[in-house]
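Topology and contacts: notes
Here are the chains, one letter per residue:
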Amino acid sequence: MEKVNDLDRCLDMGRVTALEHLYTRIRDARAAIAELSVPPLGAPAESDLAAACEAYKGWCDRRGYDPSLPWHRKMLLMAVLYLYCPASLAGAKITEGLRVTLAKCLGLRTPTILSRDLSAVRTYWRAYPGFRADASDLFAVVARAVAT
């Protein structure tokens with residue numbers, strides 16, 4: 001069998017055109033994502049997260065919830081990420097330092113726990129109406145606490 005030299009190949013402008021169309025679709029998709037994304041508030045001060053954690057603990061106390069349960073912790077994670085790093089709820093990485101600071105606020109041994117919680121947040125939001133209702137209520141409480 002004869003070996004084909006790369007120089008012997010014909011130019012295939014159809015492939016170049018297809019690649020150009022692909023890049024155009026990617027650029028358009030990025031623009032659409034930018035339009036839909038919620039602008040983050042910026043990097044939170046540690047006091048902001050402390051206020052969010054205190055609001056969370058007060059919210060749990062008023063409802064008789066255990067703040068250490070993962071179900072409730074996921075609600076706080078969703079609220080904080082929506083405020084400070086909304087792209088992470090769509091699959092992007094969490095802003096550097098946010099996960100560690102939030103883990104400290106919650107008294108967790110390792111921030112890895114929050115990464116695992118994040119992977120479940122979107123599923124819980126879609127699948128459980130009770131989670132949606134409680135998470136929306138907690139978001140309002142946390143947003144007010146951080147704003148003051």
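Bear in mind the structure is a predicted one, so any value in this text is a computation, not a measurement.

A few words now on the pattern of salt bridges. For the structure shown, the criterion picks out 4 salt bridges. Taking the shortest distance from any N to any O, the salt bridge between R63 and D134 comes out at 2.9 Å. Residue R63 is located in helix 2 (residues 46-63), and its partner D134 is located in helix 6 (residues 129-147); the two are separated by 71 residues in the primary sequence. Judged by its relative accessible area of 35%, R63 is partly exposed. Salt-bridge contacts for D137 lead to R63; the nearest nitrogen and oxygen are separated by 2.4 Å. Here R63 lies in helix 2 and D137 lies in helix 6, a separation of 74 residues in the sequence. Here the salt bridges share partners, and the residues they tie into one network are R63, D134 and D137.

Glancing now at the layout of surface pockets. The volume enclosed by the second largest pocket comes to roughly 240 Å³. Lining the second largest pocket are M75, M78, A79, Y82, L89, R122, W125, R126, A135, S136 and F139. Listing elements by their share of the lining of the second largest pocket, those giving two or more residues are helix 3 (70-84), helix 5 (112-127) and helix 6. Counting residues per element, the lining of the second largest pocket draws most heavily on helix 3, which supplies 4 residues. When the residues that make up the lining of the second largest pocket are grouped by side-chain class, the tally is 8 nonpolar, 1 polar and 2 charged.

Our focus in this paragraph is helix 4 (residues 98-106). If you check which residues of helix 4 are buried, you get L98, T101, L102, A103, C105 and L106. Following helix 4 by one or two positions, G107 has its phi on the positive side, about 75 degrees.

Moving on, we get to the side chain of D117. Following the sequence through the fold, D117 ends up in helix 5. The exposure class assigned to D117 is buried, which follows from its relative accessible area of 5%. Dropping the residues within four chain positions of it, D117 is found in contact with R73, K74 and L77.

Turning our attention to the packing of helix 5 against helix 6. Relative orientation of the contacting elements helix 5 and helix 6 amounts to 110 degrees, with a least axis distance of 5 Å. The orientation of helix 5 relative to helix 6 falls into the category roughly perpendicular. Contacts from V121, Y124, W125, R126 and A127 in helix 5 reach P129, F131, R132, A135 and S136 in helix 6. The class makeup of the residues in the contact of helix 5 with helix 6 is 7 nonpolar, 1 polar and 2 charged.

Inspection of the secondary structure puts L138 in helix 6. Placed 60 residues apart in sequence, L138 and M78 show a C-alpha to C-alpha distance of 9.4 Å. When near neighbours in sequence (up to four residues on either side) are disregarded, L138 contacts Y56, W59, M75 and L76.

On to the packing of helix 4 against helix 5, then. Running from N to C, helix 4 and helix 5 cross one another at 105 degrees; their axes reach a closest spacing of 9 Å. For the element pair helix 4 / helix 5, the angle class is roughly perpendicular. Two secondary-structure elements touch here, helix 4 through R99, L102, A103 and L106 and helix 5 through T112, L114 and S115. Looking at the contact of helix 4 with helix 5 residue by residue, the class counts come to 4 nonpolar, 2 polar and 1 charged.

Definitions and limits used
Note on numbering: residues in each chain are counted from 1, in written sequence order. Local features in a predicted model are, by the rule used here, given only for residues with pLDDT of at least 70; side-chain atom pairs are given and counted only at 80 or more, and totals for whole chains, interfaces and linings are based on all residues. The side-chain figures draw on all heavy atoms in the structure; neither hydrogens nor water molecules are used. The term salt bridge refers to a pairing of a side-chain nitrogen on Lys or Arg with a carboxyl oxygen on Asp or Glu at a separation within 4 Å. Counting from the N terminus, the helices are the DSSP runs of H or I reaching at least four residues and the strands are the DSSP runs of E reaching at least two. For every residue, the accessible area (1.4 Å probe, protein chains only) is compared with the maximum for its type, and the residue is labelled buried under 20%, exposed over 50%, or partly exposed between those bounds. Two kinds of site are reported from a 1 Å grid over the protein atoms alone, namely cavities, where a 1.4 Å probe fits but cannot get out, and pockets, open sets with protein on both sides within 12 Å along at least five of seven lines, and residues are called lining when an atom falls within 4 Å of a point. Grid points are joined across faces, edges and corners, and a volume is the space filled by probe spheres set on the points. Three categories are distinguished: nonpolar for Ala, Val, Leu, Ile, Met, Phe, Trp, Tyr, Cys and Pro, charged for Asp, Glu, Lys and Arg, and polar for the others, with Gly belonging to the last. Should any heavy atoms of two residues lie within 4.5 Å, those residues are considered in contact. Axis definition: a line fit to C-alpha positions, over the contact stretch in the case of helices; interaxial angles, taken between N-to-C directions, run 0 to 180 degrees. Each angle receives one of four descriptions, namely roughly parallel if under 35 degrees, roughly antiparallel if over 145, roughly perpendicular if within 65 to 115, and oblique otherwise.

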